[in-house]
Amino acid sequence: MIDLERIRAFVAGRRLGYSLPQALYNSPEALEFDFDAIFGYSWILVGFTCEIPQPRGYLAVTVGRSPVVVTRDREGTYRAFHNSCRHRGAQICPEGSGTRGRLTCPYHQWVYDLDGTLVHARHMQASFDPAEHGLKPVHVENVAGALFVCMAETPPPFTRFREQLGPLLAPHRLEEAKLAHQNTLVEKGNWKLVMENARECYHCATGHPELCLTFPVADAVGDHFASDDDPRHAAFTARLEAAGLGKGPFLGPWWQVERFPLNEGQLSLTIDGGLASKKPMVAGDETDIGSLRWAIEPHSFCHSTADTTVYFSAMPTATGETLVTCKWLVHKDAVEGVDYDVGRLTELWNVTNLQDRDLVENNQRGVYSVGYTPGPYNESDESYVLRFIDWYCDKAMDFIAARTGVDGRPIALREVASRATDTPPARAAKPGLEASEHEAERL
Ligand code: FES
Ligand SMILES: [Fe+2]
């Protein structure tokens, strides 16, 4: 059982503006807590509708350490369930996607319909009631072809996120895409270090020489990639307006959405800055539309350019180990070897991810040191890291307060402990977050 008082002491020990206390990166109990409090209560971007192209299909993923399966029925309705058999808990669908009329557990062949109903349980006694043993539902949302799940009984509010991301993402036609490639990378570092690295470009100029060709590392200061004072950005904005594309930025408690220009003359985040696919994902002739960056706490970011969408997800597998998954989408009519080449499509992010892996693993080695002390983030170049860490600490405190039940806030978390302990510490100030966002995130 997680000692919430100890976790609270770790979080309360964090100095504002500074990296986390060592135990929050290195201790197994902090990871146990993160699986439950963070991954169990956040919206997670698990993939895309195009990964379940056929009716009667599924997409199985692992969220934290919980297997989850998203199903699509004959009518095109998406549902999500804990991918854990109601007999003795075996994982039903293997990780990945496929087409199945029904979901059959490989252990003793209990059979579930795609709506989660248990339809067959072999040789069970007469007193057994199948109706009480359907798959446990998980919340699922589809935003313009992107699939999000949340395992909490009462998930964080989703409406404003949908309203802000949906119109910017819809022109990228993810519903008409296909998965061109997917790969994974094991990084020997705590997931929060992986995400901190993914939330800043302070390291890019020296760490990513290839990415610097296309990615505007000099512009990526503060909360916005694009400065309206720059005449190049004014031209960019005019081009977007002519193409009917929104720009943002939209910053929510657990998301950031913004379209920003790439470096002069660069059309895509590829090794040479050219388009990676001849069949654009965005309708119309304009391809100089920069990148729509959409990032989700706690685990993900995507870049949608005219030709492709790239997905990055970090999932903890152990205290000092994180699985990074990358996916590349192209238009479904694009033909491999004719319209795109997987090697060219993936080269830049593969190179960049390997560089980031080395940076993260090196960071982790220093964070294991008895000499580690939390250090100050750069308030402009690492502002998104600060947002991530502030969000993490706030989410952790919400979880602990809800379970120790003493601060009097409306509590929407499930399984709230009835026992009361002492008062949780005062909520940390949250630079950059408005009160309304803060309130919304509590739920
Ligand atoms: S655990 Fe699934 S059928 Fe037995
Ligand atoms: Fe990086």
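Treat the numbers as computed from the prediction; the structure is a model and nothing was measured.

## What about the overall build of the protein chain?
Here is step 1 of the chain: Helices and strands together make up the secondary structure of the protein chain, namely ten helices and 17 strands.
Here is step 2 of the chain: Intrachain contacts of the protein chain at a sequence separation of at least 6 include 67% that bridge at least 24 residues.

## Regarding the sheet that holds strand β1 (residues 44-48)
Here is step 1 of the chain: The antiparallel open sheet is built from seven strands, whose spatial order is β1-β10-β9-β4-β3-β2-β5. One side of each edge strand has no neighbouring strand; the edge strands of this open sheet are β1 and β5 (96-99). Ignoring which end each strand starts from, the neighbouring axes of this sheet average 25° apart.
Here is step 2 of the chain: Across two bridges, the pairing between strand β4 (residues 78-82) and strand β9 (residues 137-143) is antiparallel. Directly across from Ala-80, in β9, lies its bridge partner Val-138.

## Points about the packing of helix α1 (residues 4-12) against helix α3 (residues 28-38)
Here is step 1 of the chain: The geometry of α1 relative to α3 is characterised by a closest axis approach of 10 Å and an angle of 95° between their N-to-C directions. Here α1 lies roughly perpendicular to α3, going by the angle between them. In contact with Arg-6, Ile-7 and Phe-10 of α1, α3 contributes Glu-29, Ala-30 and Phe-33.
Here is step 2 of the chain: Of the residues assigned to the contact of α1 with α3, the class counts are four nonpolar, no polar and two charged.

## Comments concerning helix α4 (residues 159-169)
Here is step 1 of the chain: Residues of α4 that are buried include every one of Phe-161, Gln-164, Leu-165, Leu-168 and Leu-169, and no others. Down the axis of α4, the smallest arc covering the buried residues is 110°, so these residues share one side. Across α4 from its buried face, at more than 90 degrees, point the exposed residues Thr-159 and Glu-163.
Here is step 2 of the chain: On the buried face of α4, the contacting elements are β9, β10 (146-150), β12 (250-251), β13 (255-260), β14 (291-296) and β15 (300-304).

## A word on the sheet that holds β13
Here is step 1 of the chain: Spatially, β11-β17-β16-β15-β14-β13-β12 is the arrangement adopted by the seven strands of the open sheet, whose pairing is antiparallel. Every other strand in the sheet has two partners, leaving β11 (177-187) and β12 as the edge strands with one partner each.
Here is step 2 of the chain: As defined by bridge partners, β14 adjoins β15 across five bridges and the pair is classed as antiparallel. Looking at the pairing, Ile-296 lines up with Ser-300 of β15.
Here is step 3 of the chain: Contacts from helix α8 (residues 342-367) reach β11, β16 (309-318) and β17 (321-331), with the element oriented near 25° to β11.

## Structural notes on the environment of Ala-23
Here is step 1 of the chain: Among the secondary structure elements, Ala-23 is positioned in helix α2 (residues 22-26).
Here is step 2 of the chain: Assessed through the 16 C-beta atoms surrounding it within 10 Å, Ala-23 is described here as partly exposed.
Here is step 3 of the chain: Separated by 13 residues in sequence, Ala-23 and Phe-10 place their C-alpha atoms 6.9 Å apart.
Here is step 4 of the chain: In this structure, Ala-23 is in contact with Phe-10 and Ala-30, ignoring residues within four places of it in sequence.

## Side note on the environment of Ser-268
Here is step 1 of the chain: Mapped onto the fold, Ser-268 is located in the loop between β13 and β14.
Here is step 2 of the chain: Spatially, the C-alpha atom of Ser-268 lies 5.9 Å from that of Thr-305, the residues being 37 residues apart in sequence.
Here is step 3 of the chain: With sequence-adjacent residues up to four places away left out, Ser-268 is seen in contact with Gly-273, Gly-274, Leu-275, Ala-276, Thr-305, Ala-306, Asp-307 and Thr-308.

## Describing the environment of Val-335
Here is step 1 of the chain: In this fold, Val-335 is placed in the loop between β17 and α8.
Here is step 2 of the chain: On the neighbour-count criterion, Val-335 (12 C-beta atoms within 10 Å) is exposed.
Here is step 3 of the chain: Placed 56 residues apart in sequence, Val-335 and Lys-279 show a C-alpha to C-alpha distance of 8.7 Å.

## Focus on the nonpolar core
Here is step 1 of the chain: With 117 residues, the main nonpolar core has Ile-44, Val-46, Val-69, Val-70, Phe-148, Val-149 and Ala-396 as its most contacted residues.
Here is step 2 of the chain: Per element, the largest residue contribution to this core is 14 residues, and it comes from helix α9 (residues 383-404).
Here is step 3 of the chain: In this structure, Ile-44 is in contact with Phe-39, Val-63, Phe-148, Val-149, Cys-150 and His-299, ignoring residues within four places of it in sequence.

## Topic: α3
Here is step 1 of the chain: Within the sequence span of α3, burial applies to Ala-30, Leu-31, Phe-33, Asp-34, Ala-37 and Ile-38. Buried residues of α3, viewed axially, fall in a sector of 160°; they line one side.
Here is step 2 of the chain: The secondary structure elements touched by the buried residues of α3 are α1, α2, β16 and α9.

## Looking at the confidence of the model for the protein chain
Caution applies to low-pLDDT parts of the model: their predicted coordinates are not meant to be read in detail.
Here is step 1 of the chain: The pLDDT averaged across the protein chain works out to 90; a share of 89% of its residues lies at or above 70.
Here is step 2 of the chain: This model gives residues 406-443 a pLDDT under 50, and the stretch forms 60 contacts once residues within four places in sequence are excluded.

## A word on the pairing of β4
Within a regular beta strand, the side chains point alternately toward one face of the sheet and then the other, so they alternate between its two faces.
Here is step 1 of the chain: With five bridges connecting them, strand β3 (residues 66-72) and β4 associate as antiparallel partners. Within β4, the residue paired with Val-68 across the bridge is His-82.
Here is step 2 of the chain: Between β3 and β4, which follow one another and run antiparallel, lie five residues, and Gly-76 among them has a positive phi close to 85°.

What counts as what
- Residues numbered from 1 in each chain as written.
- Chains lettered and ligands numbered in written order.
- Predicted model: local features only at pLDDT ≥ 70, side-chain atom pairs only at ≥ 80, totals over all residues.
- Helix = DSSP H or I, 4+ residues; strand = E, 2+ residues; numbered from the N terminus.
- Contact = placed C-beta atoms within 7 Å.
- Pairing = 2+ DSSP bridges.
- Axes fitted to C-alpha atoms, helices over the stretch in contact; angles between N-to-C directions.
- Parallel < 35°, antiparallel > 145°, perpendicular 65-115°, else oblique.
- Nonpolar A, V, L, I, M, F, W, Y, C, P; charged D, E, K, R; others polar.
- Buried ≥ 20, exposed ≤ 12 C-beta atoms within 10 Å, placed from the backbone.
- Arc of directions from axis to C-beta.
- Core = buried A, V, L, I, M, F, W, Y, C linked by C-beta atoms within 7 Å.
- pLDDT = per-residue confidence, 0-100.

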